[in-house]
Amino acid sequence: MTFNQYLQSVNACEPAVEWAGNKTIEEVVATCDRGNWLLWLAQKCDIGLQPLTLAKGHCANTVRHLMNDERSIRAVDVAIAFGEGKATREELDAACFAAAAAAAYASASAANAATSAYAAAFANASAAAAATAASYAAYAAAYAADTDYDANRLQTADICRKYIGNLIIKKVNQILTQTP
């Protein structure tokens, strides 16, 4: 199975499948400029909750300056701490619920930033959308705040490469070699 065939088998979006073309997983991780795609892929190939949450936390942290509610900021901090093994799942869940409440009462770019914090802390591994929500919300917050949307997408991709790039490559290569 090729990497592109794998993407199709896990229902990747058409733009991602087209962009990946005949690239290897190593090439995709090295050149992708969209953190949301890398987070999605990390969730799909199941790199593990802690490293995924660490990357989501750092992605959400890119719009920390837009967060107006202490619950959102705390959710980002707890997500990063959980990813580093310094916070429990219970602490992560509590921060997630508090950030969700903050997002419900926020507006405009603050709402998107709060949603980013919530998504970073959201740990339900069965929810595929949670993996990319932090990154999407970070982009939306940056866009709503008239900051450079494309720069934020690249920044989150760089974060993913740093924290989970090698894990994605390893897991996808395992999947590709085990699948006929």
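Whatever comes next refers back to the structure up there.
Just so you know, these numbers come straight off a predicted model, no measurement behind them.

A. Geometry of the packing of aromatic side chains. All told, the structure shown has two aromatic pairs when counted by the stated rule. Ring geometry for W19 versus W37: centroids 6.1 Å apart, planes at 55°, classification tilted. Residue W19 is located in helix α2 (residues 14-20), and its partner W37 is located in helix α4 (residues 35-44); the two are separated by 18 residues in the primary sequence. On the accessibility criterion, W19 (29% relative accessible area) is partly exposed. Its relative accessible area of 15% is what places W37 among the buried residues. Cation over ring: K23 sits above W19, and NZ or CZ is 4.3 Å from the ring centre.

B. The nonpolar core, seen in detail. Grouped together as the largest cluster of nonpolar side chains are 31 residues, with contacts concentrated most on F3, L41, I168 and V172. Contributing elements (two or more residues each) for this core: α1 (3-9), α2, α3 (25-31), α4, α5 (49-61) and α10 (149-178). A total of eight residues in this core trace back to one element, the largest contributor, which is α10. Ignoring sequence-local partners within four residues, the contact set of L41 consists of F3, Y6, L7, I25, I168 and V172. Residues V78, A81, F82 and L92 belong to the second largest nonpolar core, which totals nine residues.

C. α5, seen in detail. For α5, with 13 residues, the first-to-last C-alpha span of 18 Å sits near the 18 Å given by 1.5 Å per residue. Counting buried residues along α5, 10 of its 13 residues qualify, which places the element largely inside the surrounding structure. Every buried residue of α5 is accounted for by P51, L52, T53, L54, A55, K56, G57, H58, C59 and A60.

So, how was this worked out
Residues numbered from 1 in each chain as written. Predicted model: local features only at pLDDT ≥ 70, side-chain atom pairs only at ≥ 80, totals over all residues. Heavy atoms only, no water. Phe/Tyr/Trp six-rings, centres within 6.5 Å; stacked < 30°, edge-to-face > 60°. Helix = DSSP H or I, 4+ residues; strand = E, 2+ residues; numbered from the N terminus. Buried < 20%, exposed > 50% of the residue type's maximum accessible area, 1.4 Å probe, protein only. Lys NZ or Arg CZ within 6 Å of the ring centre and 35° of its normal. Core = buried A, V, L, I, M, F, W, Y, C linked by side-chain atoms within 4.5 Å. Contact = heavy atoms within 4.5 Å. Expected span 1.5 Å × (residues − 1).

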